[in-house]
Amino acid sequence: MIKRTDPHAPGPRRKLSADRLITETLALVDEQGIAAASMRTVARRLDVQVMTLYRYVDNREDLFDAVVDHIVDELDDDPDIESAAAAGQWRPYLTSLAWGVRRYALTHPHAFPLVATRPPQAPWINPPLRSLRWIEQMLQTLAGDGFSDEHVLYTYRCFNSFLLGYLLLETSAMVIADPKPGDGSFQAGDDGGPGDPVDSTDPVPGSLSPTRTEGQREDIADCDTSEDLIAVDPERYPLIHRLREGLTEDHFEEEFRGGLELLLDRIEEQLQQHPS
């Protein structure tokens, strides 16, 4: 639980606030990856003692929950969502909401795994739209435009599943292209409790990492053609060889738009087949 006030902080340390703690932690994750944000590293960034942070949060898990809330609340800055909600038409609303979620995911690709995997406030909440306030607005908009309860629940589940799967794919590609020391199999080693002295960024033995080695990145950068990037035996893998140019291309925005339209078409079809 974030503690928004700190009446007992002495002198200049009153300048540290819960909001500043959250925003600086997010900035650190954006710059270095999730695992780099140990309590000790955050304290150094804020130029305070580690124990000072515990006036605002109980532990690092508590801090990460607040970071997730902060990221999702960036939707507040999207006027298209609010105007679509006010209009009360479900399809423009879901369209603007989906693009809003994508914007915050692409703004914070190294932090997006927190949004996708942090335990939510309630076990039935589905990421990435995990704020109770935003979920309520979505459900109210759908119900207000004539959705039955069954259609509301169907849309809620399908919409979140589409966003989560697609945006994990897109942000993972961004992380691979721009790896940080705190991504993937790297961890800070700090469990977030007071007095924990561990603060390393060593890789975790046996775990997976989304990053490529420096040599792999150099090899990819040196490739001039799809033939160089996908070098396979054309007799053994004829389709991969034939489609190699397309396989090396990224069309994330185009595919997101197309996938979203297909999803909304499917929701509309359900409404027409089973009217409330």
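Residues numbered from 1 in each chain as written. Predicted model: local features only at pLDDT ≥ 70, side-chain atom pairs only at ≥ 80, totals over all residues. Heavy atoms only, no water.

### Quick word on the overall build of the chain
Formally: Only DSSP runs of H or I covering at least 4 residues are called helices, and only runs of E covering at least 2 are called strands; the numbering of each starts at the N terminus. Remark: exposure states derive from per-residue accessible area (1.4 Å probe, protein chains only) relative to the maximum for the residue type, with buried under 20%, exposed over 50%, and partly exposed in between. Should any heavy atoms of two residues lie within 4.5 Å, those residues are considered in contact. Throughout, the Shrake-Rupley method with a 1.4 Å probe supplies accessible areas, and for residues the shown protein chains are the sole cover considered.
When you go through the chain residue by residue, the secondary structure sums to 14 helices and 0 strands. Taking all 276 residues of the chain together, 41% fall into the buried category. Partitioning the contacts of the chain with sequence separation of at least 6, the portion at a separation of at least 24 is 69%. In the structure as shown, the chain presents an accessible area of about 14,900 Å², 52% of it carried by carbon and sulfur atoms.

### Observations concerning the side chain of K180
Which entries qualify depends on this criterion: N or O atoms closer than or at 3.5 Å make up a polar contact, with two conditions inside protein: a donor-capable atom paired with an acceptor-capable one, and, for residues adjacent in sequence, both atoms drawn from side chains.
Inspection of the secondary structure puts K180 in the loop between α9 (149-177) and α10 (214-221). The buried category is assigned to K180, whose relative accessible area is 18%. Within the local environment of K180, its side chain forms a polar contact with the side chain of D178, the two groups lying 3.2 Å apart. Every residue in contact with K180, bar those within four places of it in the chain, is listed here: D30, E31, Q32, G33 and H110.

### Concerning the side chain of R102
Assignment of secondary structure puts R102 in helix α6 (residues 90-107). For R102, a relative accessible area of 8% puts it in the buried group. Only 2.7 Å separates the side chain of R102 from the side chain of E170, close enough to count as a polar contact. Among all residues touching R102, those that are not within four sequence positions of it are L167, E170, F252, E253 and F256.

### What about the packing of helix α1 (residues 18-32) against helix α2 (residues 39-46)?
Helix-helix packing: each pair is described by the crossing angle between the helix axes and the interaxial distance. As a reminder, the rule being used: What counts as an axis is a line fitted to C-alpha atoms, over the stretch in contact for a helix, and the angles between N-to-C directions run from 0 to 180 degrees. Our angle categories are set so that under 35 degrees counts as roughly parallel, over 145 as roughly antiparallel, 65 to 115 as roughly perpendicular, and the remainder as oblique. What makes a crossing left-handed is the near helix being turned counterclockwise from the far one by less than a right angle; a clockwise turn instead makes it right-handed. When residues are grouped by polarity, Ala, Val, Leu, Ile, Met, Phe, Trp, Tyr, Cys and Pro land in nonpolar, Asp, Glu, Lys and Arg in charged, and all others, Gly among them, in polar.
Two elements in contact, α1 and α2, have axes separated by 10 Å at closest approach and are oriented at 110°. By the angle between their directions, the pair α1 and α2 is classed as roughly perpendicular. As α1 runs across α2, the sense of the crossing is right-handed. Contact residues: R20, L21, E24, T25, A27, L28 and E31 in α1; T41, V42, R45 and L46 in α2. Considered class by class, the residues forming the contact of α1 with α2 number 5 nonpolar, 2 polar and 4 charged.

### Overview of the pattern of salt bridges
Quick reminder of the rule: Basic side-chain nitrogens of Lys or Arg form a salt bridge, by our definition, when they fall within 4 Å of a carboxyl oxygen of Asp or Glu.
Under the defined criterion, the tally for this structure stands at 14 salt bridges. The salt bridge partner of D265 is R91, with a shortest N-O separation of 2.8 Å. Of this pair, D265 sits in helix α14 (residues 252-273) while R91 sits in helix α6, and the two are 174 residues apart along the sequence. Look at D265 and you get partly exposed, because its relative accessible area is 37%.

### With respect to the confidence of the model for the chain
The line we're drawing: How sure the predictor is of each residue is captured by pLDDT, a score from 0 to 100.
On average, the chain scores 81 in pLDDT, and the residues at 70 or more come to 75%. Summarising per-element confidence for the chain, the mean pLDDT is lowest in α10 (65) and highest in α6 (97). Counting interchain partners and residues more than four positions distant, the pLDDT-below-50 stretch residues 7-13 has 7 contacts. pLDDT under 50 marks residues 185-192. Its contacts with residues more than four places away, or in other chains, come to 40 contacts.

### Considerations on helix α8 (residues 132-144)
Put simply, the rule is: A helix is expected to span 1.5 Å for every residue after the first.
Between its first and last C-alpha atoms α8 spans 18 Å; for 13 residues at 1.5 Å apiece the expected length is 18 Å, and the two agree. The elements touched by buried residues of α8 are α4 (60-72), α5 (79-87), α6 and α9. Just downstream of α8, G146 is the residue with a positive phi angle, here 95°.

### Things to note about a negative patch on the surface
Spelled out, the test is: Each patch is built from salt-bridge-free residues with over 30% relative accessible area, joining like charges within 9 Å and nonpolar side chains (Val, Leu, Ile, Met, Phe, Trp, Tyr) within 5 Å. The sign given to each residue is positive for Lys and Arg and negative for Asp and Glu; His and the chain ends receive no count. Here the site of a charge means atom NZ of a Lys, CZ of an Arg, CG of an Asp or CD of a Glu.
Together, E245, E249, D250, E254 and E255 make up a region of like negative charge exposed at the surface. Examined against the element boundaries, D250 turns out to sit in the loop between α13 (244-247) and α14. With a relative accessible area of 58%, D250 lands in the exposed category.

### Comments concerning the environment of R55
The topology assignment puts R55 in the loop between α3 (50-53) and α4. Linking R55 and S17, residues 38 residues apart in sequence, is a C-alpha distance of 9.6 Å.

### Looking at the packing of aromatic side chains
The condition that has to hold: We call Phe, Tyr and Trp rings a pair once their centres come within 6.5 Å, taking the six-membered ring for Trp, and we label the pair stacked below 30 degrees between planes, edge-to-face above 60, and tilted otherwise.
In total, this model carries 6 aromatic pairs according to the counting rule given. Look at W90 and F147: their rings are 5.4 Å apart centre to centre, the planes differ by 70°, and that puts the pair in the edge-to-face class. A residue pair is termed long-range when its members are at least 10 positions apart, and W90 in helix α6 and F147 in the loop between α8 and α9 qualify at 57 residues. Judged by its relative accessible area of 8%, W90 falls in the buried class. Classification of F147 as buried rests on a relative accessible area of 6%. Taken together, the aromatic side chains of W99, F162, Y166, F252 and F256 make up a single cluster linked through ring pairs.

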